[in-house]
Amino acid sequence: MMTNFFQERNGTRYVEDLALTDIAERFGTPCYVYSRAALTATADEFLAAMDGTVDLVCYAVKANGNLAILNLLARKGFGFDIVSGGELARVLAAGGDPAKIMFSGVGKTVAEMEAALQAGILCFNVESASELNVLAATATRLGKVAPVSIRVNPDVDAKTHPYISTGLKENKFGVSFDEAHALYRQAVALPSLRVTGIDMHIGSQITEIAPYREAAEKLLQLVRALEADGIALEHIDVGGGLGARYRDEQTISLAAFAQMLREVFAGRSERLMMEPGRRVVADAGVLLTRVLYLKPGETKNFAIVDAAMTDLMRPALYGAWHPVSAVTKRSATEKSSDSEKSWDIVGPVCESSDFLAQARPLVLREGDLLAVGVAGAYSMVMSSNYNARPRACEVMVDGKEVTVIRAREEIKKLWEMERILSK
Ligand code: LLP
(Lines give C-alpha, C1' and ligand atoms only; values in the text may rest on other atoms or scores of the structure.)
Protein backbone atom coordinates (compact mmCIF):
# COMPACT_ATOMS: atom_id res chain seq x y z
CA MET A 1 0.00 0.00 0.00
CA MET A 2 1.18 3.46 -0.82
CA THR A 3 2.36 5.80 1.96
CA ASN A 4 0.09 8.75 2.51
CA PHE A 5 1.71 11.89 1.16
CA PHE A 6 -1.21 14.05 2.25
CA GLN A 7 -0.99 13.75 6.00
CA GLU A 8 -2.12 15.89 8.88
CA ARG A 9 0.55 17.24 11.23
CA ASN A 10 -0.34 19.18 14.36
CA GLY A 11 -3.83 19.86 13.08
CA THR A 12 -2.76 21.09 9.62
CA ARG A 13 -2.88 19.17 6.38
CA TYR A 14 0.39 18.80 4.49
CA VAL A 15 1.42 17.68 1.02
CA GLU A 16 4.73 15.98 1.63
CA ASP A 17 6.65 18.52 3.77
CA LEU A 18 4.66 21.61 2.86
CA ALA A 19 1.58 22.83 4.70
CA LEU A 20 -1.38 23.50 2.41
CA THR A 21 -1.82 26.78 4.31
CA ASP A 22 1.60 27.90 2.98
CA ILE A 23 0.73 26.84 -0.53
CA ALA A 24 -2.53 28.81 -0.44
CA GLU A 25 -0.62 31.83 0.88
CA ARG A 26 1.93 31.69 -1.94
CA PHE A 27 -0.15 30.69 -4.93
CA GLY A 28 -3.71 31.57 -4.00
CA THR A 29 -6.80 29.43 -4.44
CA PRO A 30 -8.27 27.49 -6.13
CA CYS A 31 -5.10 25.55 -6.75
CA TYR A 32 -4.34 21.98 -7.76
CA VAL A 33 -1.55 20.57 -5.64
CA TYR A 34 0.26 17.40 -6.69
CA SER A 35 2.75 15.33 -4.77
CA ARG A 36 5.71 14.22 -6.81
CA ALA A 37 6.45 11.44 -4.33
CA ALA A 38 2.86 10.17 -4.58
CA LEU A 39 2.94 10.20 -8.36
CA THR A 40 6.32 8.50 -8.45
CA ALA A 41 5.29 5.87 -5.90
CA THR A 42 2.16 4.95 -7.84
CA ALA A 43 3.99 4.90 -11.14
CA ASP A 44 6.70 2.65 -9.69
CA GLU A 45 4.11 0.41 -8.05
CA PHE A 46 2.33 0.06 -11.37
CA LEU A 47 5.42 -0.77 -13.37
CA ALA A 48 6.69 -3.18 -10.72
CA ALA A 49 3.36 -5.05 -10.60
CA MET A 50 3.21 -5.35 -14.38
CA ASP A 51 6.90 -6.14 -14.85
CA GLY A 52 7.32 -9.39 -16.73
CA THR A 53 3.61 -9.46 -17.66
CA VAL A 54 2.73 -6.24 -19.44
CA ASP A 55 5.36 -5.13 -21.90
CA LEU A 56 4.27 -1.54 -22.31
CA VAL A 57 2.07 0.56 -20.04
CA CYS A 58 0.62 3.44 -22.05
CA TYR A 59 -0.65 6.13 -19.67
CA ALA A 60 -3.98 7.56 -20.88
CA VAL A 61 -3.12 11.24 -21.28
CA LYS A 62 -6.75 12.32 -20.95
CA ALA A 63 -6.63 11.65 -17.19
CA ASN A 64 -4.12 14.46 -16.65
CA GLY A 65 -2.12 15.93 -19.51
CA ASN A 66 0.04 18.44 -17.66
CA LEU A 67 3.48 18.49 -19.30
CA ALA A 68 5.31 18.03 -15.99
CA ILE A 69 3.29 14.91 -15.23
CA LEU A 70 3.70 13.48 -18.74
CA ASN A 71 7.42 14.17 -18.56
CA LEU A 72 7.84 12.39 -15.21
CA LEU A 73 5.97 9.37 -16.56
CA ALA A 74 7.95 9.39 -19.82
CA ARG A 75 11.17 9.35 -17.80
CA LYS A 76 9.90 6.26 -16.00
CA GLY A 77 9.41 4.49 -19.31
CA PHE A 78 5.65 4.85 -19.72
CA GLY A 79 4.18 4.95 -23.18
CA PHE A 80 1.10 7.07 -23.87
CA ASP A 81 -2.46 6.48 -25.01
CA ILE A 82 -3.73 9.57 -26.82
CA VAL A 83 -7.12 10.49 -28.26
CA SER A 84 -6.40 13.66 -30.25
CA GLY A 85 -3.81 15.60 -32.18
CA GLY A 86 -3.66 17.91 -29.18
CA GLU A 87 -2.65 15.05 -26.91
CA LEU A 88 -0.09 13.90 -29.48
CA ALA A 89 1.49 17.35 -29.50
CA ARG A 90 1.42 17.46 -25.70
CA VAL A 91 3.19 14.12 -25.35
CA LEU A 92 5.84 15.14 -27.87
CA ALA A 93 6.30 18.52 -26.12
CA ALA A 94 6.73 16.67 -22.82
CA GLY A 95 9.47 14.46 -24.24
CA GLY A 96 7.41 11.31 -24.76
CA ASP A 97 8.74 8.69 -27.16
CA PRO A 98 6.58 8.57 -30.34
CA ALA A 99 7.38 4.87 -30.71
CA LYS A 100 5.46 4.29 -27.46
CA ILE A 101 2.30 6.21 -28.41
CA MET A 102 -0.96 4.59 -29.32
CA PHE A 103 -3.80 6.59 -30.77
CA SER A 104 -7.29 5.67 -29.52
CA GLY A 105 -10.65 7.31 -30.10
CA VAL A 106 -13.66 6.97 -32.39
CA GLY A 107 -13.24 10.19 -34.35
CA LYS A 108 -9.70 10.71 -35.59
CA THR A 109 -9.50 13.38 -38.29
CA VAL A 110 -7.29 13.09 -41.37
CA ALA A 111 -5.08 15.89 -40.03
CA GLU A 112 -4.63 13.99 -36.76
CA MET A 113 -3.80 10.77 -38.62
CA GLU A 114 -1.23 12.65 -40.70
CA ALA A 115 0.45 14.16 -37.65
CA ALA A 116 0.61 10.75 -35.95
CA LEU A 117 2.00 9.06 -39.08
CA GLN A 118 4.65 11.76 -39.43
CA ALA A 119 5.59 11.37 -35.77
CA GLY A 120 5.93 7.61 -36.21
CA ILE A 121 3.63 6.36 -33.47
CA LEU A 122 3.39 2.76 -32.26
CA CYS A 123 -0.14 2.13 -33.53
CA PHE A 124 -3.60 3.40 -34.30
CA ASN A 125 -6.41 1.78 -32.36
CA VAL A 126 -9.01 1.71 -35.11
CA GLU A 127 -12.66 1.78 -34.10
CA SER A 128 -14.64 1.37 -37.36
CA ALA A 129 -14.48 0.16 -40.96
CA SER A 130 -14.74 3.73 -42.26
CA GLU A 131 -11.85 4.86 -40.10
CA LEU A 132 -9.76 1.95 -41.35
CA ASN A 133 -10.30 3.02 -44.96
CA VAL A 134 -9.54 6.66 -44.26
CA LEU A 135 -6.36 5.67 -42.42
CA ALA A 136 -5.27 3.45 -45.32
CA ALA A 137 -5.86 6.25 -47.83
CA THR A 138 -4.04 8.78 -45.63
CA ALA A 139 -1.03 6.50 -45.22
CA THR A 140 -0.93 5.82 -48.97
CA ARG A 141 -0.95 9.55 -49.68
CA LEU A 142 1.97 10.11 -47.31
CA GLY A 143 3.85 7.07 -48.59
CA LYS A 144 3.72 5.52 -45.13
CA VAL A 145 2.54 2.26 -43.64
CA ALA A 146 0.19 2.72 -40.70
CA PRO A 147 0.48 0.26 -37.80
CA VAL A 148 -3.04 -0.84 -36.90
CA SER A 149 -4.76 -2.45 -33.96
CA ILE A 150 -8.52 -2.94 -33.97
CA ARG A 151 -10.46 -2.00 -30.90
CA VAL A 152 -12.93 -4.74 -30.26
CA ASN A 153 -16.01 -4.24 -28.15
CA PRO A 154 -16.25 -7.40 -26.03
CA ASP A 155 -19.83 -6.72 -24.90
CA VAL A 156 -19.24 -7.15 -21.18
CA ASP A 157 -20.70 -5.14 -18.35
CA ALA A 158 -17.92 -3.30 -16.50
CA LYS A 159 -20.44 -2.44 -13.74
CA THR A 160 -19.54 1.21 -13.57
CA HIS A 161 -21.33 4.55 -14.11
CA PRO A 162 -23.22 4.44 -17.47
CA TYR A 163 -21.40 7.55 -18.73
CA ILE A 164 -18.01 5.86 -18.38
CA SER A 165 -18.96 2.33 -19.40
CA THR A 166 -17.69 1.59 -22.88
CA GLY A 167 -17.61 -2.16 -23.44
CA LEU A 168 -21.28 -2.85 -24.01
CA LYS A 169 -22.82 -3.40 -27.43
CA GLU A 170 -24.91 -0.26 -27.02
CA ASN A 171 -21.80 1.94 -26.54
CA LYS A 172 -20.30 3.88 -29.45
CA PHE A 173 -16.86 2.37 -28.92
CA GLY A 174 -14.99 -0.33 -30.81
CA VAL A 175 -16.01 -2.89 -33.40
CA SER A 176 -18.33 -5.75 -32.48
CA PHE A 177 -16.92 -9.24 -32.25
CA ASP A 178 -18.89 -10.33 -35.27
CA GLU A 179 -17.49 -7.57 -37.45
CA ALA A 180 -13.94 -7.63 -36.15
CA HIS A 181 -12.69 -10.70 -37.97
CA ALA A 182 -13.86 -9.42 -41.36
CA LEU A 183 -12.28 -6.06 -40.64
CA TYR A 184 -8.94 -7.72 -39.90
CA ARG A 185 -9.13 -9.50 -43.25
CA GLN A 186 -9.80 -6.19 -44.91
CA ALA A 187 -6.87 -4.58 -43.08
CA VAL A 188 -4.28 -7.21 -43.97
CA ALA A 189 -5.21 -6.83 -47.63
CA LEU A 190 -4.37 -3.12 -47.64
CA PRO A 191 -0.69 -2.48 -48.41
CA SER A 192 -0.57 0.84 -46.55
CA LEU A 193 -1.61 -0.85 -43.30
CA ARG A 194 0.35 -3.19 -41.10
CA VAL A 195 -1.82 -5.12 -38.67
CA THR A 196 -0.02 -5.19 -35.34
CA GLY A 197 -2.52 -5.78 -32.58
CA ILE A 198 -5.90 -5.94 -30.98
CA ASP A 199 -7.31 -3.91 -28.15
CA MET A 200 -10.24 -3.33 -25.86
CA HIS A 201 -11.27 -0.83 -23.22
CA ILE A 202 -14.38 -1.75 -21.29
CA GLY A 203 -14.89 1.33 -19.16
CA SER A 204 -13.49 3.44 -16.38
CA GLN A 205 -13.54 3.36 -12.56
CA ILE A 206 -13.84 -0.43 -12.62
CA THR A 207 -13.50 -2.08 -9.23
CA GLU A 208 -13.69 -5.78 -10.06
CA ILE A 209 -11.40 -8.07 -12.02
CA ALA A 210 -14.18 -10.36 -13.27
CA PRO A 211 -15.30 -8.17 -16.21
CA TYR A 212 -11.69 -7.88 -17.35
CA ARG A 213 -11.20 -11.63 -17.23
CA GLU A 214 -14.39 -12.20 -19.19
CA ALA A 215 -13.41 -9.62 -21.81
CA ALA A 216 -9.79 -10.85 -22.03
CA GLU A 217 -10.99 -14.42 -22.58
CA LYS A 218 -13.28 -13.27 -25.37
CA LEU A 219 -10.44 -11.30 -26.91
CA LEU A 220 -8.23 -14.37 -26.81
CA GLN A 221 -10.83 -16.41 -28.69
CA LEU A 222 -10.70 -13.85 -31.47
CA VAL A 223 -6.88 -13.80 -31.44
CA ARG A 224 -6.93 -17.59 -31.89
CA ALA A 225 -9.47 -17.40 -34.71
CA LEU A 226 -7.35 -14.77 -36.45
CA GLU A 227 -4.26 -16.88 -36.02
CA ALA A 228 -6.04 -19.86 -37.58
CA ASP A 229 -6.82 -17.55 -40.47
CA GLY A 230 -3.15 -16.65 -40.93
CA ILE A 231 -3.38 -13.26 -39.21
CA ALA A 232 -0.71 -13.12 -36.52
CA LEU A 233 -0.70 -10.24 -34.08
CA GLU A 234 2.24 -8.62 -32.29
CA HIS A 235 0.40 -7.22 -29.32
CA ILE A 236 -2.72 -7.50 -27.19
CA ASP A 237 -3.85 -4.35 -25.38
CA VAL A 238 -6.26 -4.84 -22.49
CA GLY A 239 -7.14 -1.15 -22.09
CA GLY A 240 -7.42 0.93 -18.96
CA GLY A 241 -10.21 1.48 -16.47
CA LEU A 242 -8.73 0.45 -13.12
CA GLY A 243 -10.64 2.37 -10.46
CA ALA A 244 -9.33 4.65 -7.73
CA ARG A 245 -10.53 4.73 -4.13
CA TYR A 246 -12.52 7.92 -3.66
CA ARG A 247 -14.50 6.78 -0.64
CA ASP A 248 -14.61 3.13 0.29
CA GLU A 249 -14.59 1.46 -3.12
CA GLN A 250 -12.59 -1.69 -3.35
CA THR A 251 -9.76 -1.25 -5.82
CA ILE A 252 -8.31 -3.90 -8.04
CA SER A 253 -5.04 -5.27 -6.76
CA LEU A 254 -2.40 -4.68 -9.42
CA ALA A 255 -0.73 -7.98 -8.56
CA ALA A 256 -4.03 -9.83 -8.96
CA PHE A 257 -4.65 -8.04 -12.26
CA ALA A 258 -1.25 -9.09 -13.58
CA GLN A 259 -1.89 -12.62 -12.36
CA MET A 260 -5.21 -12.72 -14.23
CA LEU A 261 -3.44 -11.60 -17.41
CA ARG A 262 -0.79 -14.29 -17.02
CA GLU A 263 -3.49 -16.90 -16.56
CA VAL A 264 -5.63 -15.84 -19.50
CA PHE A 265 -2.74 -15.31 -21.89
CA ALA A 266 -0.57 -18.21 -20.73
CA GLY A 267 1.50 -19.60 -23.60
CA ARG A 268 0.84 -16.65 -25.92
CA SER A 269 3.76 -14.85 -27.52
CA GLU A 270 2.08 -11.48 -28.21
CA ARG A 271 3.33 -8.50 -26.17
CA LEU A 272 0.75 -7.41 -23.62
CA MET A 273 -0.06 -3.74 -23.27
CA MET A 274 -2.46 -1.61 -21.27
CA GLU A 275 -3.78 1.96 -21.13
CA PRO A 276 -4.44 3.05 -17.53
CA GLY A 277 -5.14 6.70 -16.77
CA ARG A 278 -6.98 7.32 -13.51
CA ARG A 279 -5.18 4.77 -11.36
CA VAL A 280 -1.78 6.28 -12.19
CA VAL A 281 -2.56 9.87 -11.19
CA ALA A 282 -5.78 10.09 -9.14
CA ASP A 283 -4.17 9.82 -5.71
CA ALA A 284 -1.41 12.30 -6.50
CA GLY A 285 -3.51 15.48 -6.45
CA VAL A 286 -5.79 17.60 -4.29
CA LEU A 287 -7.80 20.68 -5.14
CA LEU A 288 -7.18 23.41 -2.59
CA THR A 289 -10.02 25.88 -2.15
CA ARG A 290 -11.07 28.56 0.32
CA VAL A 291 -14.44 29.02 1.98
CA LEU A 292 -15.83 32.39 0.89
CA TYR A 293 -19.15 32.37 2.72
CA LEU A 294 -21.07 30.16 5.06
CA LYS A 295 -24.79 30.11 4.46
CA PRO A 296 -26.47 27.92 7.04
CA GLY A 297 -30.13 27.36 6.31
CA GLU A 298 -33.27 25.60 7.43
CA THR A 299 -32.94 22.60 5.15
CA LYS A 300 -29.34 22.80 4.00
CA ASN A 301 -26.11 24.44 5.01
CA PHE A 302 -24.04 25.79 2.16
CA ALA A 303 -20.33 26.47 2.29
CA ILE A 304 -19.60 28.60 -0.77
CA VAL A 305 -15.99 28.09 -1.85
CA ASP A 306 -13.82 29.70 -4.53
CA ALA A 307 -13.52 26.49 -6.59
CA ALA A 308 -16.44 25.43 -8.75
CA MET A 309 -17.70 22.86 -11.20
CA THR A 310 -15.52 24.72 -13.69
CA ASP A 311 -12.48 23.48 -11.74
CA LEU A 312 -13.76 20.03 -10.80
CA MET A 313 -16.64 18.84 -12.91
CA ARG A 314 -16.91 15.21 -11.77
CA PRO A 315 -19.46 15.76 -8.99
CA ALA A 316 -21.75 17.79 -11.31
CA LEU A 317 -21.36 15.41 -14.24
CA TYR A 318 -21.43 11.98 -12.61
CA GLY A 319 -22.53 12.68 -9.06
CA ALA A 320 -18.97 11.66 -8.19
CA TRP A 321 -17.88 11.64 -4.54
CA HIS A 322 -14.53 13.19 -3.63
CA PRO A 323 -13.25 13.35 -0.06
CA VAL A 324 -13.20 16.85 1.43
CA SER A 325 -11.20 17.74 4.50
CA ALA A 326 -10.51 20.92 6.40
CA VAL A 327 -6.90 22.00 6.02
CA THR A 328 -6.83 23.35 9.56
CA LYS A 329 -8.69 21.14 11.92
CA ARG A 330 -10.99 22.99 14.29
CA SER A 331 -12.39 21.43 17.36
CA ALA A 332 -16.06 22.04 17.96
CA THR A 333 -15.28 23.53 21.35
CA GLU A 334 -12.64 26.08 20.25
CA LYS A 335 -15.18 28.87 19.85
CA SER A 336 -18.82 28.86 20.83
CA SER A 337 -19.93 29.43 17.22
CA ASP A 338 -17.91 26.41 16.02
CA SER A 339 -20.06 23.35 15.75
CA GLU A 340 -20.08 20.44 13.43
CA LYS A 341 -22.69 20.81 10.71
CA SER A 342 -23.52 18.98 7.56
CA TRP A 343 -22.29 21.20 4.73
CA ASP A 344 -22.88 21.21 0.99
CA ILE A 345 -19.64 22.48 -0.55
CA VAL A 346 -20.71 24.60 -3.51
CA GLY A 347 -19.03 26.94 -5.99
CA PRO A 348 -19.91 30.43 -7.22
CA VAL A 349 -21.23 29.27 -10.61
CA CYS A 350 -24.90 29.94 -11.39
CA GLU A 351 -25.99 26.31 -11.69
CA SER A 352 -27.59 24.14 -9.06
CA SER A 353 -25.29 21.32 -10.14
CA ASP A 354 -22.32 23.43 -9.09
CA PHE A 355 -21.32 21.41 -6.07
CA LEU A 356 -18.06 19.72 -5.11
CA ALA A 357 -19.55 17.70 -2.27
CA GLN A 358 -22.80 17.30 -0.39
CA ALA A 359 -23.73 16.71 3.24
CA ARG A 360 -20.22 16.64 4.70
CA PRO A 361 -19.86 16.84 8.46
CA LEU A 362 -17.30 19.62 9.07
CA VAL A 363 -16.53 22.41 11.51
CA LEU A 364 -16.08 25.45 9.27
CA ARG A 365 -15.40 29.16 9.47
CA GLU A 366 -15.37 31.62 6.61
CA GLY A 367 -11.85 31.90 5.21
CA ASP A 368 -11.00 28.28 6.02
CA LEU A 369 -9.18 26.16 3.48
CA LEU A 370 -10.53 22.86 2.21
CA ALA A 371 -8.72 20.09 0.37
CA VAL A 372 -10.74 18.09 -2.13
CA GLY A 373 -8.94 14.78 -2.43
CA VAL A 374 -8.25 12.20 -5.12
CA ALA A 375 -8.20 15.04 -7.65
CA GLY A 376 -5.21 14.02 -9.75
CA ALA A 377 -7.29 12.41 -12.51
CA TYR A 378 -10.07 13.83 -14.69
CA SER A 379 -10.07 16.99 -12.62
CA MET A 380 -7.97 19.88 -13.96
CA VAL A 381 -8.19 18.39 -17.47
CA MET A 382 -11.97 18.70 -17.47
CA SER A 383 -11.99 22.31 -16.26
CA SER A 384 -13.66 25.07 -18.24
CA ASN A 385 -13.92 28.84 -18.42
CA TYR A 386 -17.68 28.96 -17.88
CA ASN A 387 -18.74 32.15 -16.11
CA ALA A 388 -15.45 33.67 -17.38
CA ARG A 389 -13.57 31.89 -14.64
CA PRO A 390 -9.83 31.61 -15.25
CA ARG A 391 -8.46 28.12 -14.70
CA ALA A 392 -6.77 27.32 -11.40
CA CYS A 393 -3.01 27.07 -11.12
CA GLU A 394 -1.27 23.73 -10.66
CA VAL A 395 1.74 23.20 -8.43
CA MET A 396 3.97 20.20 -7.84
CA VAL A 397 5.37 19.57 -4.37
CA ASP A 398 8.64 17.72 -3.94
CA GLY A 399 9.56 17.44 -0.27
CA LYS A 400 9.76 21.05 0.94
CA GLU A 401 9.98 22.45 -2.57
CA VAL A 402 7.11 23.52 -4.77
CA THR A 403 7.04 24.42 -8.46
CA VAL A 404 4.23 25.99 -10.48
CA ILE A 405 3.55 23.52 -13.29
CA ARG A 406 0.74 25.60 -14.77
CA ALA A 407 0.28 29.25 -13.97
CA ARG A 408 -3.11 30.55 -12.96
CA GLU A 409 -4.87 31.66 -16.12
CA GLU A 410 -4.99 35.44 -16.61
CA ILE A 411 -8.44 36.88 -17.11
CA LYS A 412 -7.47 38.91 -20.18
CA LYS A 413 -6.30 35.73 -21.90
CA LEU A 414 -9.87 34.47 -21.83
CA TRP A 415 -10.88 36.72 -24.71
CA GLU A 416 -7.53 36.96 -26.43
CA MET A 417 -8.88 35.05 -29.44
CA GLU A 418 -12.15 36.98 -29.67
CA ARG A 419 -12.80 40.01 -31.87
CA ILE A 420 -15.34 42.81 -31.64
CA LEU A 421 -17.10 43.42 -34.98
CA SER A 422 -16.04 46.66 -36.67
CA LYS A 423 -19.60 47.58 -37.52
N1 LLP B 1 -8.24 3.90 -22.96
C2 LLP B 1 -9.34 4.40 -23.56
C3 LLP B 1 -9.62 4.06 -24.95
C4 LLP B 1 -10.21 5.25 -22.83
O5 LLP B 1 -11.29 5.73 -23.42
C6 LLP B 1 -9.91 5.57 -21.49
C7 LLP B 1 -10.79 6.44 -20.71
C8 LLP B 1 -8.74 5.04 -20.92
C9 LLP B 1 -7.93 4.20 -21.69
C10 LLP B 1 -8.31 5.31 -19.53
O11 LLP B 1 -9.25 4.88 -18.59
P12 LLP B 1 -8.89 4.98 -17.02
O13 LLP B 1 -7.78 4.01 -16.75
O14 LLP B 1 -8.50 6.38 -16.72
O15 LLP B 1 -10.17 4.62 -16.36
N16 LLP B 1 -14.10 11.59 -17.19
C17 LLP B 1 -14.44 10.34 -16.55
C18 LLP B 1 -13.58 9.20 -17.07
C19 LLP B 1 -13.67 9.02 -18.56
C20 LLP B 1 -12.78 7.92 -19.08
C21 LLP B 1 -12.76 7.90 -20.56
N22 LLP B 1 -11.88 6.93 -21.14
C23 LLP B 1 -14.34 10.51 -15.05
O24 LLP B 1 -14.03 11.60 -14.60
O25 LLP B 1 -14.62 9.58 -14.31
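As a reminder, the structure under discussion sits directly above these lines.
Residues numbered from 1 in each chain as written. Predicted model: local features only at pLDDT ≥ 70, side-chain atom pairs only at ≥ 80, totals over all residues. Heavy atoms only, no water.

Before going further, it helps to examine the site of the ligand. By nearness alone, 19 residues border the ligand, and Ser 204, Glu 275, Arg 314, Tyr 318 and Tyr 378 come closest of all. Here Tyr 318 contributes a side-chain N or O atom positioned 2.7 Å from a nitrogen atom of the ligand. At 2.6 Å from an oxygen atom of the ligand is found a side-chain nitrogen or oxygen belonging to Tyr 378. For the ligand, whose unbound accessible area comes to 580 Å², protein coverage reaches 92%. Residue classes in the shell around the ligand are distributed as 6 nonpolar, 7 polar and 6 charged. (Near = heavy atom within 4 Å. Polar contact = N/O pair within 3.5 Å; in protein donor to acceptor, adjacent residues only side chain to side chain. Areas by Shrake-Rupley, 256 points an atom, 1.4 Å probe, with all protein chains shown as cover. Nonpolar A, V, L, I, M, F, W, Y, C, P; charged D, E, K, R; others polar.)

Before going further, it helps to spend a moment on the pairing of strand S21 (residues 401–406). Bridge count for strand S20 (residues 393–398) against S21 is 5 bridges, and the pairing is antiparallel. Of the residues in S21, the one forming a bridge with Glu 394 is Arg 406. Counting the residues in the hairpin turn of S20 and S21 gives 2 residues, including Gly 399, whose phi is positive at 70°. (Pairing = 2+ DSSP bridges. Helix = DSSP H or I, 4+ residues; strand = E, 2+ residues; numbered from the N terminus.)

A word on the nonpolar core. Residues Ile 23, Val 33, Phe 124, Phe 257 and Ile 345 are the most contacted members of the largest nonpolar core, which totals 123 residues. If sequence neighbours within four positions are ignored, Ile 345 has contacts with Ala 303, Val 305, Val 324, Phe 355, Leu 356, Ala 357, Leu 362, Leu 364 and Leu 370. Judged by nonpolar contacts, the second largest core, of 6 residues, contains Leu 56, Met 102, Leu 122 and Met 273. (Core = buried A, V, L, I, M, F, W, Y, C linked by side-chain atoms within 4.5 Å. Buried < 20%, exposed > 50% of the residue type's maximum accessible area, 1.4 Å probe, protein only. Contact = heavy atoms within 4.5 Å.)

Once that is clear, we can look at the sheet that holds strand S3 (residues 18–19). With antiparallel pairing, the 3 strands of this open sheet are ordered in space as S1-S2-S3. Across the chains shown, the open sheet's two edge strands, defined by having one partner strand only, are strand S1 (8–9) and S3. Direction of pairing for S1 relative to strand S2 (residues 12–15): antiparallel, over a ladder of 2 bridges. Bridge pairing links Glu 8 to Arg 13 in S2.

This brings us to unusual backbone geometry. Along the chain, Thr 29 connects to Pro 30 via a cis peptide bond; the corresponding omega equals -10°. Positive phi is not limited to glycine here, since Glu 16 has a value of about 50°. By the secondary structure assignment, Glu 16 is in the loop between S2 and S3. With a relative accessible area of 11%, Glu 16 lands in the buried category.

Within the secondary structure, Asp 81 sits in strand S6 (residues 79–82). Salt bridges are absent for the buried Asp 81, whose nearest opposite-charge side chain, Lys 62, sits at 4.1 Å. When near neighbours in sequence (up to four residues on either side) are disregarded, Asp 81 contacts Cys 58, Tyr 59, Ala 60, Val 61, Lys 62, Glu 87, Met 102, Ser 104, Asn 125 and Glu 275. (Lys, Arg positive; Asp, Glu negative; His and termini not counted. Salt bridge = Lys/Arg side-chain N within 4 Å of Asp/Glu carboxyl O.)

Turning our eyes to something else, we now look at helix H8 (residues 210–228). The terminal C-alpha atoms of H8 lie 27 Å apart, and with 19 residues this matches the ideal 27 Å at 1.5 Å per residue to within 8%. If you check which residues of H8 are buried, you get Pro 211, Tyr 212, Ala 215, Ala 216, Leu 219, Leu 220, Leu 222, Val 223 and Leu 226. All buried residues of H8 lie within an arc of 165° about the axis, which places them on one face of the element. Exposed residues pointing more than 90 degrees away from the buried face of H8 are listed as Gln 221 and Ala 228. Taken together, the buried residues of H8 touch strand S9 (146–153), helix H7 (177–188), strand S11 (193–199), strand S12 (235–237) and helix H9 (254–264). Count one or two residues on from H8 and you reach Gly 230, which has phi positive near 85°. (Expected span 1.5 Å × (residues − 1). Arc of directions from axis to C-beta.)

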